[in-house]
Amino acid sequence: MTKFADIKGFVFDLDGVITDTSILHGTAWHQLADSLGVTWTKELGDGLKGISRMDSLEMILKAGHKENDYTQAQKEALAAQKNTNYVAEVDKMTPANILPGMKAFLDDLRAKGYQLSLASASKNAPRVLGKLGLTDYFPKIVDPASLKHGKPDPEIYTKGAELLNLDPAQCIGLEDAAAGVQAINGAGETSLGIGDATELGAADMVFADTSEVTLANIAKHLD
Ligand code: G6P
Ligand code: MG
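The name given to the protein chain in an unreviewed UniProt entry is Beta-phosphoglucomutase, and the organism recorded there is Levilactobacillus spicheri. Under Sequence similarities (unreviewed entry), UniProt gives the following word-for-word description of the protein chain: "Belongs to the HAD-like hydrolase superfamily. CbbY/CbbZ/Gph/YieH family."

J.: Where do I start with the coordination of the magnesium ion (ligand 2) in this structure?
T.: In an ideal tetrahedron of four donors about a metal, each angle is 109.5 degrees. In an ideal octahedron of six donors, the angles are 90 or 180 degrees. At this site the magnesium ion (ligand 2) is bound by Asp13 (OD), Asp15 (O) and Asp176 (OD), with donor distances of 2.0 to 2.2 Å. All donors of the magnesium ion (ligand 2) belong to a single chain; written as a sequence motif, their spacing is D-x1-D-x160-D. Taken together, the residues aspartate 13 in the loop between β1 (9-12) and α1 (21-36) and aspartate 176 in the loop between β3 (171-175) and α8 (178-187) connect sequence positions 163 residues apart. For aspartate 13, a relative accessible area of 4% translates into the label buried. For aspartate 176, a relative accessible area of 8% puts it in the buried group.

J.: Mind showing me how you'd approach the side chain of serine 117 here?
T.: Assignment of secondary structure puts serine 117 in strand β2 (residues 115-118). The exposure class assigned to serine 117 is buried, which follows from its relative accessible area of 0%. Reaching out from serine 117, the side chain makes a polar contact with the backbone oxygen of glycine 160 at a distance of 2.9 Å. Beyond its immediate chain neighbours, meaning those up to four positions away, serine 117 contacts Phe10, Val11, Phe12, Phe138, Lys140, Gly160 and Leu164.

J.: I tried to follow helix α9 (residues 215-222) on my own but got confused; where do I start?
T.: Since the α-helix advances by 3.6 residues per turn, residues separated by three or four positions end up pointing in the same direction. By the burial criterion, the buried members of α9 are Leu215, Ile218, Ala219 and Leu222. Buried residues of α9 fall within an arc of 100° about the axis and therefore sit on the same side. Turned more than 90 degrees away from the buried face of α9, the exposed residues are Ala216 and Lys220. Of the surrounding secondary structure, the elements contacted by the buried residues of α9 are β1, α5 (102-111), β3, β4 (190-194) and β5 (205-207).

J.: Even after reading the chapter, I still don't get the environment of serine 191, so can you show me in this structure?
T.: Topologically, serine 191 is positioned in strand β4. Classification of serine 191 as buried rests on a relative accessible area of 0%. As for serine 191 and valine 206, which are separated by 15 residues in sequence, their C-alpha atoms are 8.5 Å apart.

J.: Looking at this structure, I do not really get the site of ligand 1. What am I missing?
T.: Around ligand 1 sit Asp15, His25, Leu48, Lys49, Gly50, Ile51, Arg53, Ser56, Ala121, Ser122, Lys123 and Asn124, and that is every residue in its neighbourhood. Separating an oxygen atom of ligand 1 from a backbone N or O atom of glycine 50 is a distance of 2.9 Å. At 2.6 Å, a side-chain N or O of serine 122 approaches an oxygen atom of ligand 1. For ligand 1, the protein covers 97% of the area, taking 390 Å² as the surface of the free molecule. Taken together, the residues that form the shell around ligand 1 break down as 3 nonpolar, 5 polar and 4 charged. A domain split of the shell around ligand 1 shows at least three residues from each of domain 1 (4-19 + 94-222) and domain 2 (22-91).

J.: I keep staring at the packing of aromatic side chains and nothing clicks. Help me out?
T.: Remark: the centre distance and the inter-plane angle together describe each pair of aromatic rings, the angle taken between the planes. Counted by the stated rule, this structure contains 4 aromatic pairs. A centroid spacing of 5.3 Å and a plane angle of 85° characterise the contact between phenylalanine 10 and tyrosine 114, whose relative ring orientation is edge-to-face. In this pair, phenylalanine 10 sits in strand β1 while tyrosine 114 sits in the loop between α5 and β2, placing the two residues 104 residues apart along the sequence. The buried category is assigned to phenylalanine 10, whose relative accessible area is 0%. Overall, the relative accessible area of 18% leaves tyrosine 114 in the buried class. Both rings, one in phenylalanine 12 and one in phenylalanine 138, keep their centres 5.6 Å apart while their planes meet at 75°; by these two values the pair is edge-to-face. With a gap of 126 residues between them, phenylalanine 12 in strand β1 and phenylalanine 138 in the loop between α6 (125-132) and α7 (155-162) connect regions that are remote in the sequence. Of the two residues, phenylalanine 12 and phenylalanine 138, both sit in the buried class. Put simply, the rings of Phe10, Phe12, Phe105, Tyr114 and Phe138 touch in pairs and so form one group of aromatic residues. Geometry around tyrosine 86 places lysine 82 over its ring, the cationic atom sitting 4.6 Å from the centre.

Rules of the game
Residues numbered from 1 in each chain as written. Chains lettered and ligands numbered in written order. Predicted model: local features only at pLDDT ≥ 70, side-chain atom pairs only at ≥ 80, totals over all residues. Heavy atoms only, no water. UniProt positions renumbered as here; feature names shortened; annotations may be inferred. Donors = N, O, S within 2.8 Å, 3.2 Å for Na, K, Ca; no water. Helix = DSSP H or I, 4+ residues; strand = E, 2+ residues; numbered from the N terminus. Buried < 20%, exposed > 50% of the residue type's maximum accessible area, 1.4 Å probe, protein only. Polar contact = N/O pair within 3.5 Å; in protein donor to acceptor, adjacent residues only side chain to side chain. Contact = heavy atoms within 4.5 Å. Arc of directions from axis to C-beta. Near = heavy atom within 4 Å. Areas by Shrake-Rupley, 256 points an atom, 1.4 Å probe, with all protein chains shown as cover. Nonpolar A, V, L, I, M, F, W, Y, C, P; charged D, E, K, R; others polar. Domains from an automatic or database assignment. Phe/Tyr/Trp six-rings, centres within 6.5 Å; stacked < 30°, edge-to-face > 60°. Lys NZ or Arg CZ within 6 Å of the ring centre and 35° of its normal.

Right under this line is the structure:
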């Protein structure tokens with residue numbers, strides 16, 4: 001079992017962990033699903049968290065039994081349409097969209113010398129960080145375009161630790177999605193889930209809300 005003193009780095013998911021963009025992704029996909037005649041459910045929305053843009057579209061089409069109804073070019077156009085709607089919402093964001101407690105947590109981590117990297121599947125991550133005023137906190141970002149496999153594959157979290165020159169066992173990964181928790185566990189990092197404990201049952205520790213994510217609370221789970 002990992003001890004708190006072994007931890008040297010934190011590998012962050014972005015959407016749903018640092019900011020509330022998971023809601024914006026969900027709304028934009030919901031809009032697209034409606035326009036395609038695919039019934040939207042909470043389960044479908046939750047299952048898309050952490051999943052890449054094209055894989056998300058495939059999951060939506062599959063849910064409506066429409067996976068064979070579009071050519072690759074048409075699918076790319078649908079994903080681009082969702083992204084245009086999503087980016088329009090992102091561009092309205094400000095530092096006020098940082099989730100409760102997360103700025104203080106990031107400041108505390110920096111002050112105490114922990115290393116930080118970003119393991120988001122989102123190609124919009126640098127843009128979102130810019131809107132939040134957090135670009136300087138994350139000079140080390142895994143490029144999702146460089147990945148062979150998306151979450152739940154561990155690759156993105158393995159790379160997140162590599163960017164920090166740390167062993168995965170020295171890192172905590174933070175996630176709001178079941179697929180992301182699975183990826184962290186597969187990479188051999190300690191998993192911190194934020195959200196519903198039933199949904200994130202595979203995590204080493206689960207906090208209901210970002211405001212509970214502090215070094216003191218993490219230490220309680222590891223010592
Ligand atoms: C994150 C979000 C997903 C999103 C994915 C790709 O993992 O949780 O909902 O689909 O990033 O985002 P992008 O901005 O590249 O479409
Ligand atoms: Mg997320």
